[in-house]
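# Close look at the chain arrangement
Chain by chain, the residues run as shown.
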Amino acid sequence: MDAPGDSHDGLLQPLPGDPSETVRGPRSIVLVVDDDAGVRASFRLILEDEYDVLEARDGVQALEVLRADPVDLVLLDVRLPGMDGLQVLARIRALDERLDVILVTAVKTVKTAVAAMKLGALDYLTKPFDQEEVLPLIRRAIEKRTLEREVVALRSELARRQGADALVGQSPGMRKVFQVIEQVARITATVLITGESGTGKELIARAIHRQSPRRDRPFVAVNPAAIAETLLESELFGHERGAFTGAYQRKLGKFELAQGGTLFLDEIATLRAEAQAKLLRALQEREIERVGGTRSIKMDVRIIAATNADLRKAIAAGAFRGDLYYRLNVVPLVAPPLRERPGDVPLLVTHFIRRYSREFNKPVTAVSPEAQAALEEYGWPGNVRELQNVIERSVALVGGPVIQLRDLPLDLMLPDHGSRARETESLSLQEACERFERQILLRVLERAGWNHTEAARLLGVHRNTLQQKVAKWSLRRPGSEP
Ligand SMILES: Nc1ncnc2c1ncn2[C@@H]1O[C@H](COP(=O)(O)OP(=O)(O)OP(=O)(O)O)[C@@H](O)[C@H]1O
Ligand SMILES: [Mg+2]
């Protein structure tokens, strides 16, 4: 069996070259807090080749910057006018527990050192400093932050290598999808993915993120349909402590959690009017405000939205804002339904057999030609998700190495398959009986190798009766000509 990740599933997804070679990811930001303009200037001189440098004169200004910009590291003078460095450090900790702070001090006293450690400063610098001393220290601190981020990215990379994230397909429809993914990954333009349920919209969004220069930053998915309406704004934009009853802690919203990375807004059509207005503002201004907050926070987030609804219809019906639609629909991407790309079915079948045989540790390797034909003829109203479920179940239940027709769910063998076959609730008794009869017939026919005489014998009916029913329901061996 192939090594995980080294997959031959007909993955036509172009191998992600190293985008960092061509496109640079966002640079890390260092905030220098010192009341001495000369000190700030010399830090800037040392750092500016590698980092974006922001400056603050005192603690108040520092906290203002921190609320507005995604700072990665703070260089904090201990002796500051107003709030001293240790007080500022405590405030920074309250604001962001994980932000690293390096204290800068003229005299390295044990007392200050102890206090700083208690407050969680990462390290110390003593003035006067030189470039040789400063740069390695800062590089280490930034590397640590980058590493923490990479751990997150590696986890999702691991999932991908295990095949869970692979986007499989080689039909013209999917080739087009891969092409758009590749083009759009390089830029930060907003993408709107539309397509029926189960067509792989979320997988596509992840693929875009993975191939973009942001791939070491977070991919954050949010599904408004799964969040209580009253909590939605806070989920998206975060809230300040005390913003509303129950807001005991400051909380970062999905936007802020995705800072520098990608935010996937799923099922966008379910957003209510108020949330649509807030989202529109965030997209226009490229900044957000936490609930109960007083300041705007700059956002560097790539947005990918998805929906299985027809947004144009929703706009016509007054349920979705046209201006928001145009903001989101910068690059439209359509995930084609599986019935329009039957050529992908065999690839997907192989892909999922490999995945689930590994997962269940069962030596399942293939489907029989008849089962394959039934899978290819089926209409897949639930798209790839439905196919995935069928294969998962079949691999779990099959006795031998090959999945047979009888191991597949019966629905797949019915001639009027597809969406209509799903509406079992509204069947009359007669219809239900007929359906049951049809399924029994199919099973027996399969067992009898589609020999009508043998099938009639097994069922205890006359051959003519059997043939009447076969004709009535146009039953035929999967894969044979109608
Ligand atoms: N081209 C594909 N290759 C491999 N797996 C796929 C593909 N498309 C979809 N899948 C799998 O099918 C399932 C459904 O995909 P996904 O969740 O991305 O669909 P969706 O379009 O977001 O559906 P919904 O609208 O219901 O949320 C997932 O388990 C996904 O891994
Ligand atoms: Mg989805």
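Just so it is clear, the structure is predicted and the values come from calculations on it, not from any experiment.

Here is what the cut-offs are and how they apply
- The numbering scheme is per chain: residues are counted from 1 as the chain's sequence reads.
- In the order they appear in the text, chains get letters beginning with A and ligands get numbers beginning with 1.
- Local features in this predicted model are restricted to residues whose pLDDT is 70 or higher, and side-chain atom pairs enter the listing and the counts only when it is 80 or higher, whereas totals over whole chains, interfaces and linings include all residues.
- For two strands to pair, DSSP has to find at least two bridges joining them.
- The helix and strand labels rest on DSSP assignments: H or I over at least four residues marks a helix, E over at least two residues marks a strand, and numbering proceeds from the N terminus.
- All axes here are fitted lines through C-alpha atoms, helices being fitted over the stretch that makes contact, and every angle between N-to-C directions spans 0 to 180 degrees.
- Burial is judged by counting the other C-beta atoms within 10 Å of a residue's own C-beta: 20 or more makes it buried, 12 or fewer makes it exposed, and any count in between marks it as partly exposed, with every C-beta position built from the backbone.
- For each residue, a C-beta atom is placed from the backbone, and the residue is labelled near a molecule or strand when this atom is within 6 Å of it.
- The residue classification treats Ala, Val, Leu, Ile, Met, Phe, Trp, Tyr, Cys and Pro as nonpolar and Asp, Glu, Lys and Arg as charged. All others, Gly included, are polar.
- Each domain's limits were defined by an automated method or a database of domain assignments.
- Multiplying 1.5 Å by the residue count of a helix minus one yields the expected span of that helix.
- The contact criterion used is a C-beta to C-beta distance within 7 Å, with each C-beta placed from the backbone.

### Here's the deal with the sheet that holds strand β1 (residues 29-33)
The strand order across the open sheet formed by 5 strands is β2-β1-β3-β4-β5, and the pairing between neighbours is parallel. Since the sheet does not close on itself, it has two edges, and those belong to β2 (52-56) and β5 (123-126), each with one partner. Strand-to-strand twist across the sheet, computed as the mean angle between neighbouring axes with direction ignored, equals 20 degrees. Summarising the sheet, strand β3 (residues 73-77) and strand β4 (residues 100-105) pair through 5 bridges and their orientation is parallel. In the strand pairing of β4, V74 is matched with V101.

### Section: the pairing of β1
Burial runs high along β1: 4 of the 5 residues are buried. Pairing between β1 and β2: 5 bridges, direction parallel. Its bridge partner lying in β2, V33 is registered against A56. Alignment of β1 against β3, held across 4 bridges, turns out to be parallel. From the neighbouring strand, V30 faces β3, where its bridge partner is L73.

### Points about the site of ligand 1
In the neighbourhood of ligand 1, 17 residues make up the surrounding shell, with S197, G200, K201, E202 and V384 lying closest. Elements with a minimum of two residues in the shell around ligand 1: α8 (201-211) and α16 (383-397). Looking at side-chain class alone, the shell around ligand 1 contains 6 nonpolar, 8 polar and 3 charged residues. Domain assignment of the residues forming the shell around ligand 1 places at least three in each of domain 2 (167-336) and domain 3 (338-422).

### Digging into the sheet that holds strand β12 (residues 331-334)
Note on sheets: strands pair through backbone hydrogen bonds, and any given pair is parallel or antiparallel. With respect to topology, 5 strands assemble into an open sheet ordered β7-β8-β11-β6-β12, the strand pairing being parallel. Two strands lie at the open edges of the sheet, namely β7 (219-222) and β12, each paired on one side alone. Each neighbouring strand pair of the sheet contributes to a mean axis angle of 20 degrees, computed without reference to strand direction. Here strand β6 (residues 191-194) runs beside strand β11 (residues 302-307); their pairing, made up of 4 bridges, is parallel. The residue of β11 that forms the bridge with T194 is T307.

### What about helix α14 (residues 344-359)?
A rise of 1.5 Å per residue sets the reference length of α14, with its 16 residues, at 22 Å; its end C-alpha atoms lie 22 Å apart and thus fit the reference within 8%. Of all the positions in α14, only D344, V345, L347, L348, V349, H351, F352, I353, R354 and R355 are classed as buried. Looking at the buried positions of α14, the neighbouring elements they touch are α7 (172-185), β13 (366-367), α15 (369-377) and α16. In the stretch just after α14, N361 is the one whose phi turns positive, near 55 degrees.

Any functional reading would require information that these geometric values do not contain.
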